[in-house]
Structures are given as C-alpha cells and as structure tokens.
Amino acid sequence: MKLTIQRTLIIFGIVVSIGLISSIALKKYIFEELKINGIVYHDLAHGKDLVSDITPPALYVVEPYMLANEMLLHPENVEKNKAKIDDLQKRYEERRGHWQQTDLAESLFSKLRDDVLVRGDSFWKVMNEQFLPAALAHDAAAEEIALKKLYKVYHEIEASVSELNASAMQYRNEVETL
C-alpha cells in the first residue's frame, strides 16, 4: 500500500481524533473523581470532618475556657494549664490572621470579623489581664470574679460562633449545589 498525501492526511486525522476523544474522556473521568461529591472530595471531606470533630476550633475558645475552670477547681494545675492556654492563644492568633487574609465570602467574613473575632479578643483580654494574673497569684476571690467575666464573654462567643457556623453551613450547601 502506497502512502499518498490523501491517505496520510486521513491517518493523521484519525490519530488526532482518537487522541482528542481520549483526552476528553480522561478529563471527564478526572473531573468526576475530583468534583464535589466525587470520590476524592468525599475522602478529603471525611478527613477534615474527623479533625474538626476531634479538635476544638481555635476561634471557639472552648478549651481555654475549660482550662480556666479547671484552674479554679485544681490550683495545682495552674502552671500546666497556663502553658496550654498560652499555646491555645497562639493558635487563636494564627487562625485569626489566616481568616483575615483569605477571600472568604463577605457575608461570612463580616460576621467573623465584626462579631466572632471581637468577642474572641474580649475573651483573651479578660483571660490575660484578669483571670491568669489572679490564678498565678492563687487569689481565689479574684479568680472567681474574672471567671464570671470569662463565663459571660465565652457564652457570647458561643452564640456568635453558632450563628456563623449555621451561615457557613448554608453557604457551603449553596456552593456544593452549583
């Protein structure tokens, strides 16, 4: 069989067409695997969900609040708990900085910035300026007064975080259905 220009062009067209069809099929397969509700997405979501269920979120400040309560009941843990609280405040500041640098949707970002972080900063101010100095001085009366203030700001944060969480879940559900 002699290759003519016409036959060469036909063979070239067939090879290019097969390559194009294969490329489209491969891209479609990969997209189905990676898209929201795809296999890879579910694996990633499970990993993130597990971590979020195990680790208290830094912006929620539940762990430092619990440690402060423990310090009042168990004064022997003051130094150990203070070290943990210091680490948790570092995590809070890291996450605070992270979210301020992201392109989070304005509806979520404004609630985070104007409510959750403002209340979180109030919590840490009471913790650092009132509760921890009283705990380190083993001044039980001052600790109780400061703990009452922590109680108030903690429950304000709790309400704000719950509202933000509901908004974030709604936003995520809307984005996933696009």
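Structure first, text after, so check above.
Residues numbered from 1 in each chain as written. Predicted model: local features only at pLDDT ≥ 70, side-chain atom pairs only at ≥ 80, totals over all residues. Heavy atoms only, no water.

Novice: What's the story with the side chain of Lys-111 in this structure? I'm lost.
Specialist: Within the element layout of this structure, Lys-111 appears in helix H5 (residues 106–136). Residue classification places Lys-111 among the buried positions, given a relative accessible area of 18%. At 2.3 Å, the side chain of Lys-111 forms a polar contact with the side chain of Asp-115. (Helix = DSSP H or I, 4+ residues; strand = E, 2+ residues; numbered from the N terminus. Buried < 20%, exposed > 50% of the residue type's maximum accessible area, 1.4 Å probe, protein only. Polar contact = N/O pair within 3.5 Å; in protein donor to acceptor, adjacent residues only side chain to side chain.)

Novice: Honestly, the pattern of salt bridges in this entry has me stumped. Any pointers?
Specialist: Side chains carrying opposite charge are able to pair once their charged atoms draw close together. Considering all chains together, one arrives at nine salt bridges under this definition. A salt bridge links Asp-121 to Arg-96; the nearest nitrogen and oxygen atoms lie 2.5 Å apart. You can see Asp-121 sitting in helix H5 and its partner Arg-96 sitting in helix H4 (residues 78–100), a full 25 residues away along the chain. (Salt bridge = Lys/Arg side-chain N within 4 Å of Asp/Glu carboxyl O.)

Novice: Looking at this structure, I do not really get helix H3 (residues 62–73). What am I missing?
Specialist: Three- or four-residue spacings in an α-helix give side chains the same orientation, since the helix completes a turn every 3.6 residues. Taking 1.5 Å of rise per residue, twelve residues should cover 16 Å, and H3 covers 17 Å from first to last C-alpha, within 8% of that figure. Among all positions in H3, only Pro-64, Tyr-65, Leu-67, Ala-68 and Met-71 are buried. Down the axis of H3, the buried side of the element spans an arc of 160 degrees, and every buried residue falls inside it. (Expected span 1.5 Å × (residues − 1). Arc of directions from axis to C-beta.)

Novice: Would you explain the side chain of Gln-89 in this entry?
Specialist: Relative to the assigned elements, Gln-89 resides in helix H4. For Gln-89, a relative accessible area of 18% corresponds to the buried category.

Novice: It is not clear to me how the nonpolar core should be interpreted in this structure. Could you clarify?
Specialist: The tendency in soluble globular proteins is for nonpolar side chains to be buried as a group. With 30 residues, the main nonpolar core has Phe-123, Trp-124, Met-127, Phe-131 and Leu-150 as its most contacted residues. Of all the elements in the fold, those that place two or more residues in this core are H3, H4, H5 and helix H6 (140–176). With eleven residues, the single largest contributor to this core is H5. The contact partners of Phe-131, leaving out residues within four places of it in the chain, are Ala-68, Met-71, Val-126, Glu-143, Ala-146, Leu-147 and Leu-150. (Core = buried A, V, L, I, M, F, W, Y, C linked by side-chain atoms within 4.5 Å. Contact = heavy atoms within 4.5 Å.)

Novice: What am I meant to see in unusual backbone geometry here?
Specialist: As a rule of thumb, non-glycine residues mostly have phi less than zero, and peptide bonds are mostly trans rather than cis. Unlike most non-glycine residues, Val-61 shows phi in positive territory, near 55 degrees. Tracing the backbone shows Val-61 in the loop between helix H2 (39–54) and H3. Even without a glycine there, the phi angle at His-138 is positive, about 55 degrees. The topology assignment puts His-138 in the loop between H5 and H6.

Novice: Just to check I follow, could you spell out the packing of H3 against H5 for this structure?
Specialist: The angle between the axes and the distance between the axes are what describe a pair of packed helices. One way to put it is that H3 packs onto H5 with a least axis distance of 12 Å and a crossing angle of 20 degrees. Classified by the angle between their axes, H3 and H5 sit roughly parallel to one another. As H3 packs across H5, the resulting crossing turns out to be left-handed. Between H3 and H5, the residues in contact are Pro-64, Tyr-65, Ala-68 and Met-71 and Phe-123, Trp-124, Met-127, Phe-131, Leu-132 and Ala-135, respectively. (Axes fitted to C-alpha atoms, helices over the stretch in contact; angles between N-to-C directions. Parallel < 35°, antiparallel > 145°, perpendicular 65-115°, else oblique. Left-handed = near helix turned anticlockwise from the far one by under 90°.)

Novice: What is the right way to read a nonpolar patch on the surface from this model?
Specialist: A surface patch of nonpolar side chains, amounting to about 290 Å² of accessible area, comprises Leu-3, Ile-11 and Val-15. If you trace the backbone, Ile-11 turns up in helix H1 (residues 5–34). We classify Ile-11 as partly exposed; its relative accessible area is 42%. (Patch = residues over 30% accessible without salt bridge, like charges linked within 9 Å, V, L, I, M, F, W, Y side chains within 5 Å. Areas by Shrake-Rupley, 256 points an atom, 1.4 Å probe, with all protein chains shown as cover.)

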